[in-house]
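Each chain is listed here by its residues.
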Amino acid sequence: MEAVLARAVPVFREHGYDGASIDHLREATGLTSGSLYKAFKDKRHVFSAAFSHYVKDRRQQLAQRLGGALTGRERIAETLRFYLESASGTEGRQGCLVLASLIEATTLDDPLRDALREALDGNRTAILTSLRDGQRDGSIRGDLAVEPCADLLLSLLQGLRAVGKLHDPADHAALVATALKMLD
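Procedures and definitions
Residues numbered from 1 in each chain as written. Predicted model: local features only at pLDDT ≥ 70, side-chain atom pairs only at ≥ 80, totals over all residues. Heavy atoms only, no water. 1 Å grid on protein atoms, 1.4 Å probe; cavity = no way out; pocket = protein on both sides within 12 Å on 5 of 7 lines; lining within 4 Å. Points joined across faces, edges and corners; volume = space filled by probe spheres on them. Helix = DSSP H or I, 4+ residues; strand = E, 2+ residues; numbered from the N terminus. Nonpolar A, V, L, I, M, F, W, Y, C, P; charged D, E, K, R; others polar. Core = buried A, V, L, I, M, F, W, Y, C linked by side-chain atoms within 4.5 Å. Buried < 20%, exposed > 50% of the residue type's maximum accessible area, 1.4 Å probe, protein only. Contact = heavy atoms within 4.5 Å.

Draft legend 1. Empty space enclosed by the protein, seen in detail. A complete count under the given rule lists one cavity of 30 Å³ or more for this structure. By volume, the largest cavity amounts to about 30 Å³. For the lining of the largest cavity, the elements supplying multiple residues, two or more each, are helix 5 (72-86) and helix 9 (146-163). A total of three residues in the lining of the largest cavity trace back to one element, the largest contributor, which is helix 5. When the residues that make up the lining of the largest cavity are grouped by side-chain class, the tally is five nonpolar, one polar and no charged.

Draft legend 2. Local environment of the nonpolar core. In terms of nonpolar packing, the biggest core is built from 53 residues, with Phe12, Val98 and Leu131 touching the most fellow members. The leading source of residues in this core is helix 4 (residues 43-66), at eight residues. Beyond its immediate chain neighbours, meaning those up to four positions away, Leu131 contacts Ile76, Ile140, Leu144, Val146, Cys149, Ala150, Leu153 and Leu183.

Draft legend 3. Examining the layout of surface pockets more closely. By volume, the largest pocket is sized at about 350 Å³. Lining the largest pocket we find 22 residues, and of these Arg58, Arg59, Leu62, Tyr83 and Asn123 sit closest to its centre. Elements represented by at least two residues in the lining of the largest pocket include exactly helix 4, helix 5, helix 8 (110-137) and helix 9. A total of seven residues in the lining of the largest pocket trace back to one element, the largest contributor, which is helix 4. When its residues are assigned to classes, the lining of the largest pocket shows 13 nonpolar, five polar and four charged. The space that makes up the second largest pocket amounts to roughly 150 Å³. The wall of the second largest pocket is formed by Arg13, Glu14, His15, Gly16, Gly95, Cys96, Leu99, Ala100, Ile103, Glu104 and Lys165. Contributions of two or more residues to the lining of the second largest pocket are made by helix 1 (2-19) and helix 7 (97-103). Top element by residues in the lining of the second largest pocket is helix 1. It accounts for four residues. Within the lining of the second largest pocket, the residues separate by chemical class into four nonpolar, three polar and four charged.

Draft legend 4. Geometry of the environment of Gly138. Within the secondary structure layout, Gly138 lies in the loop between helix 8 and helix 9. The spatial distance from the C-alpha of Gly138 to the C-alpha of Arg73 is 9.0 Å, given a sequence separation of 65 residues.

Draft legend 5. Layout of the environment of Val146. Mapped onto the elements of the fold, Val146 is located in helix 9. What makes Val146 buried here is its relative accessible area of 9%. Between the alpha carbons of Val146 and Tyr83 there is a distance of 20 Å; along the sequence they are 63 residues apart. Setting aside anything within four residues of it in sequence, one finds Val146 in contact with Leu128, Leu131, Arg132 and Gln135.

Quick look at the structure:
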């Protein structure tokens, strides 16, 4: 099942929920239409499972990257690097399933919108935690308004993924340094 979901994710990343067809999914997963329907009931259920798989996988990848970060500021910097790398090259051209879903949010049903909201809220909470930890450890200025800063960083991260569909971010180090200036 995990392998099938891993092969379905790029279909939704590339085409979005509405643009992905059962034929796209059948071709990507190697399953027949009947097998897809038997395993998932319909496209919506394939999407829901693929979305959950994608969010879990991305969070695990980011958590591994953050393992060596000792301060809140370092975690913010590493998160920025992670998203910049994800927005570059072949990975960037595939796009982000969370962003693709966000763009289609008004066409999704309530449970799918709730899953999307939870994914974004989880990302925002992780940023807030890093900012607050950075204030406690002294790596981020104590008077920083963390709520609007978290919203700005979340928007920046999603924007990087959007731009990465067509354009590689130019100078990763300069972008990280520029973004971190708001924490000084």
